[in-house]
Amino acid sequence: MRNAFGFAFTFLLFFVLDGYSQQAPDRKAAWWKEAVVYQLYPRSFKDSDGDGIGDLKGIISKLDYLKSLGIDAVWLNPIFSSPNDDNGYDISDYRNIMKEFGTMKDFDALLAGLHQRKIKLILDMVLNHSSDEHEWFKQAKSSRSNAYRNYYHWWPEEKGKPTPRYSFFDVNSDAWKYDATTKSYYLHYFSQKQPDLNWENEKLRNEVYDMMKFWLDKGIDGLRMDAFQYVSKDTTWKKYPEGYEKDIIKYYGMGPNLHQYLKEMNKTVISKYNIMTVAEGAGSTLEDAHALVDEDRHELNMAYHFEIMDIGNDPAGYQLTDLKKAFTKWDQSFAEKGWLAIFLANHDVPRMVSKYGDDRPQFRTYSSKLLTTLIMTMRGTPFYFNGDELGMSNIKFNNIDDYRDIATINAYRSIKAKVGDVQAFMDKQKFISRDNTRTPFQWDASSNAGFTTGKPWIKVNPNYKTVNVVAEAQNPLSELTYFKKMVALRKSSPVLVYGDYQVFDIDSPDVYCYTRTDGQEKILIVLNFSVKAFSYPLDKNINISSAKVLMNNYNDSTNFRGNEIYLKPWQALVFKVN
Ligand code: GLC
């Protein structure tokens, strides 16, 4: 790219300082606010025994890799015993390890290995439902008078057909499944193998709290509360209006007793440990989210809301202005109280570079680094999904047989049954299927990307020959190197954790420009979300004359004259300004 101004500054500075303890005076400091959380999908991370499925010993063998990233905490997707109808989100024994993943001894060794490296561990608590293979459910369905019957929600057949409830994963979208043994229907918001637990039952709640203590007493550092916004049901089972499923969180989220249960859980369990808690989903409004996490509520710590994730689900693209407005709205609302998780991907959505960036070969690297820059420079705790540090992209399967996710497979069956547009469905899955983020982690250029010596449970993305840890670790310009530098910058800059956020030029369709400021420092972030190269005039209130470039996702000069910056396609720049 030519320098438009003939006036160049080239700075690539990385500050790798030790931990810090200052914070903006108006925000109470906490380790979990300052942490960078790395989400690790165990099934796809590293297989140690050749069965094609990632496991705990595999993770243990990669602890030094985790350490090298500079991250502070690992969130593991569920590792508990499970028949894997929904990859571990259907738990058959909360106090044991999934057999494919290893043993409790492996877990203890993993926890110790992480702690030795000063990395914290967050576990995924799936408490809205269990597996139908859980002993509680087996008992509950054995007879109407069984002691565990009320651990679940039942509708006896003599009451007629149950009030319709929508199921996310059911082929017929029906959340009531008939059980012939006890002539009743049971409720399952997710798959038929994921019956919803009855939180109205105090006995169930106490069992859950004991189980949580079991893990916390082992010394884990945090809990991600899976689908927790759904646990409290309106058990009068009133009829919802036509089309309610299009606004499902409004109807299923924030049920009548949710806050009562959270306060009880906080008092009984959470408050007894120095841990972080994150709520997956945060209701439908800012008020709902605040009610979950504001400090004076004594419920949870951090809201993981879906508004950003819901932008960009259309393969035709999205408006950057929508993304900016959503980030800005949430930041403003949480500027004084409460705390947010910041993320662009997880195991339920596609790869961030394919969704919000551009995964074509000429732009994949740049746009992936740009998105990393965004995550690491927003206020809130970054939750970064494994593989994104390599720039991994969607696999885009052509064939339904390659998919493993129950959500895709059951939706496919449903479309087929209704004689819907199967091709359109398959095209869309290439963009949105959850399996896109679940393909094996790419370690090296050997077969199966070094993930397994066996047959991987899901295919490896063919781009692993170039997109992998070994290739990137040695390359100073790789996504991986950039990620580590970005993490180091965040860790050495309290302003990026606690500082105020101000957006500029919010209506620009191409550029996301914002500052993070505290009493001492001002950081300017300029992100070109387009394939265009152009001169971008900065807001006149930003004085860039003595700016220092902290990060640049291009390996060449940053060109600016006066208050104009020349931006290259998908360029990301971070400056220290005064
Ligand atoms: C959460 C999980 C998702 C799972 C669902 C049911 O949304 O993130 O993977 O399928 O809950 O447990």
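This structure is a prediction, so every number in the text was calculated from the model and none was measured.

So what exactly am I meant to see when it comes to the overall build of the chain here?
Broken down by element type, the chain carries 17 helices and 22 strands. Based on the C-alpha atoms only, the size of the chain along its principal axes is roughly 80 × 50 × 50 Å. Per-residue burial over the chain gives 60% buried out of 578 residues. Considering only contacts within the chain whose residues lie at least 6 apart along the sequence, 71% involve residues at least 24 apart. Here the chain has roughly 22,200 Å² of accessible surface; of this, 50% comes from carbon and sulfur atoms.

Which parts of the structure should I look at to understand the pattern of salt bridges?
Per the stated rule, a full pass over the model turns up 35 salt bridges. The shortest N-O distance in the salt bridge between aspartate 234 and lysine 238 comes to 2.7 Å. For aspartate 234, a relative accessible area of 17% gives the class buried. One salt-bridge network, in which partners are shared between bridges, spans Asp86, Asp348, Asp405, Arg434 and Arg438.

What exactly am I supposed to notice about unusual backbone geometry here?
Backbone phi values are negative for most residues with the exception of glycine, while trans is the configuration of most peptide bonds. Backbone geometry places asparagine 87, a non-glycine residue, at a positive phi of 45°. Inspection of the secondary structure puts asparagine 87 in the loop between β4 (80-81) and β5 (93-97). Not every positive phi belongs to a glycine, and aspartate 505 is a case in point at roughly 55°. Tracing the chain through its elements places aspartate 505 in the loop between β15 (500-504) and β16 (511-517).

Help me understand the confidence of the model for the chain in this model?
Low pLDDT means the predicted coordinates in that region are not meant to be read closely. Of all residues in the chain, 96% have pLDDT values of 70 or greater, and the mean over the chain is 94. The weakest mean pLDDT in the chain belongs to strand β1 (residues 8-9) at 32; the strongest belongs to helix α2 (residues 56-61) at 99. Note on residues 1-25: pLDDT under 50 across the span, and 57 contacts to partners over four residues away in sequence or across chains.

Looking at this structure, I do not really get the nonpolar core. What am I missing?
A general feature of soluble globular proteins is that nonpolar side chains tend to end up buried together. Among the nonpolar cores identified, the biggest contains 168 residues, and Tyr65, Leu66, Phe107, Leu127, Trp199 and Met212 are the most heavily contacted of them. Top element by residues in this core is helix α6 (residues 202-216). It accounts for 7 residues. Setting aside its immediate chain neighbours within four residues, leucine 127 contacts Tyr94, Leu197, Trp199, Val208, Met211, Met212, Met225, Asp226, Phe228, Val231 and Met265. With 18 residues, the next largest nonpolar core counts Cys513, Phe534, Ile565 and Leu573 among its residues.

Please clarify how the environment of proline 509 should be interpreted in this entry.
Within the secondary structure, proline 509 is located in the loop between β15 and β16. Aside from chain neighbours lying at most four places away, what touches proline 509 is Leu320 and Thr321.

Hey, could you run me through the site of the ligand in this one?
Taken together, Asp86, Tyr89, His129, Phe169, Phe190, Arg224, Asp226, Glu280, His347, Asp348, Arg434 and Arg438 form the complete shell of residues around the ligand. Contacts to the ligand include histidine 347, whose side-chain N or O atom sits 2.8 Å from an oxygen atom. At 3.1 Å from an oxygen atom of the ligand is found a side-chain nitrogen or oxygen belonging to arginine 434. Considered on its own, the ligand offers 300 Å² of accessible surface; in the complex 95% of this is hidden by protein. Here the residues of the shell around the ligand sort into 3 nonpolar, 2 polar and 7 charged.

Would you mind showing me how to read the side chain of aspartate 86 here?
Assignment of secondary structure puts aspartate 86 in the loop between β4 and β5. Accessibility expressed as a relative area gives 6% for aspartate 86, which makes it buried. Aside from chain neighbours lying at most four places away, what touches aspartate 86 is Phe169, Gln194, Asp405, Ile406 and Arg434.

In this structure, what is going on with the pairing of strand β19 (residues 548-552)? I would like to understand it.
The two faces of a sheet get side chains in turn, since along a regular strand they alternate between them. In terms of burial, β19 is a largely internal element, 4 of the 5 residues being buried. Two strands pair when backbone bridges link them, and β19 and strand β22 (residues 572-577) are joined in this way by 4 bridges, in the antiparallel orientation. Opposite lysine 548, over in β22, you have lysine 576 as the bridge partner.

What exactly am I supposed to notice about the side chain of aspartate 55 here?
Counting through the fold element by element, aspartate 55 comes out in the loop between β2 (37-40) and α2. One buried charged residue, aspartate 55, remains without a salt bridge, the closest side chain of opposite sign being lysine 57 at 7.8 Å.

Looking at this structure, I do not really get the sheet that holds strand β3 (residues 73-76). What am I missing?
An order of β12-β11-β10-β6-β3-β2-β14-β13 is seen for the 8 strands of this open sheet, with the pairing classed as parallel. Since the sheet does not close on itself, it has two edges, and those belong to β12 (302-304) and β13 (341-342), each with one partner. Strand direction decides the pairing type here: strand β11 (residues 276-280) and β12, joined by 3 bridges, are parallel. Paired with glutamate 280 across the two strands is tyrosine 304, which belongs to β12.

Sorry, what's going on with helix α4 (residues 104-116) here?
Two residues of an α-helix separated by three or four positions point the same way, owing to the 3.6 residues in each turn. Its 13 residues place the ends of α4 18 Å apart at the C-alpha level, agreeing with the 18 Å of an ideal helix rising 1.5 Å per residue. Where α4 is concerned, the buried positions are Met104, Asp106, Phe107, Leu110, Leu111, Gly113 and Leu114. Here the buried face of α4 lies against α2, α3 (63-69), β3, β5, β6 (120-126) and α6. Positive backbone phi, approximately 60°, marks lysine 118, located one or two places after α4.

Is there a simple way to think about the sheet that holds strand β8 (residues 176-179) in this case?
Either a parallel or an antiparallel arrangement is found when strands of a sheet pair, and the pairing is made through backbone hydrogen bonds. Overall, antiparallel pairing links the 3 strands, which are arranged β7-β9-β8 in an open sheet. Each edge of the sheet is formed by a strand with only one pairing partner; in this case those strands are β7 (154-156) and β8. Strand-to-strand twist across the sheet, computed as the mean angle between neighbouring axes with direction ignored, equals 30°.

Just checking my understanding: could you explain the packing of aromatic side chains for this structure?
In this description, a pair of aromatic rings is defined by centroid distance and the angle of the planes. Taken as a whole and judged by the stated rule, the model has 49 aromatic pairs. Residues tryptophan 199 and phenylalanine 228 carry aromatic rings whose centres are separated by 5.3 Å and whose planes lie at 85° to one another, so their mutual orientation is edge-to-face. Note that tryptophan 199 is positioned in the loop between β9 (184-187) and α6 and phenylalanine 228 in the loop between β10 (222-226) and α7 (248-252), a separation of 29 residues in sequence. When the ring of phenylalanine 327 is compared with that of tyrosine 512, the centres are 6.5 Å apart and the planes differ by 35°; the resulting orientation is tilted. Residue phenylalanine 327 is found in helix α10 (residues 320-333), and its partner tyrosine 512 is found in strand β16; the two are separated by 185 residues along the sequence. Each member of the pair phenylalanine 327 and tyrosine 512 is classed as buried. Pairwise contacts between aromatic rings join Tyr166, Phe168, Phe169, Tyr189, Phe190, Tyr230 and Tyr252 into one cluster. Over the face of the ring belonging to tryptophan 154 we find arginine 149, whose NZ or CZ atom lies 3.7 Å from the ring centre.

Procedures and definitions
- Residues numbered from 1 in each chain as written.
- Predicted model: local features only at pLDDT ≥ 70, side-chain atom pairs only at ≥ 80, totals over all residues.
- Heavy atoms only, no water.
- Helix = DSSP H or I, 4+ residues; strand = E, 2+ residues; numbered from the N terminus.
- Buried < 20%, exposed > 50% of the residue type's maximum accessible area, 1.4 Å probe, protein only.
- Contact = heavy atoms within 4.5 Å.
- Areas by Shrake-Rupley, 256 points an atom, 1.4 Å probe, with all protein chains shown as cover.
- Salt bridge = Lys/Arg side-chain N within 4 Å of Asp/Glu carboxyl O.
- pLDDT = per-residue confidence, 0-100.
- Core = buried A, V, L, I, M, F, W, Y, C linked by side-chain atoms within 4.5 Å.
- Near = heavy atom within 4 Å.
- Polar contact = N/O pair within 3.5 Å; in protein donor to acceptor, adjacent residues only side chain to side chain.
- Nonpolar A, V, L, I, M, F, W, Y, C, P; charged D, E, K, R; others polar.
- Pairing = 2+ DSSP bridges.
- Lys, Arg positive; Asp, Glu negative; His and termini not counted.
- Expected span 1.5 Å × (residues − 1).
- Axes fitted to C-alpha atoms, helices over the stretch in contact; angles between N-to-C directions.
- Phe/Tyr/Trp six-rings, centres within 6.5 Å; stacked < 30°, edge-to-face > 60°.
- Lys NZ or Arg CZ within 6 Å of the ring centre and 35° of its normal.

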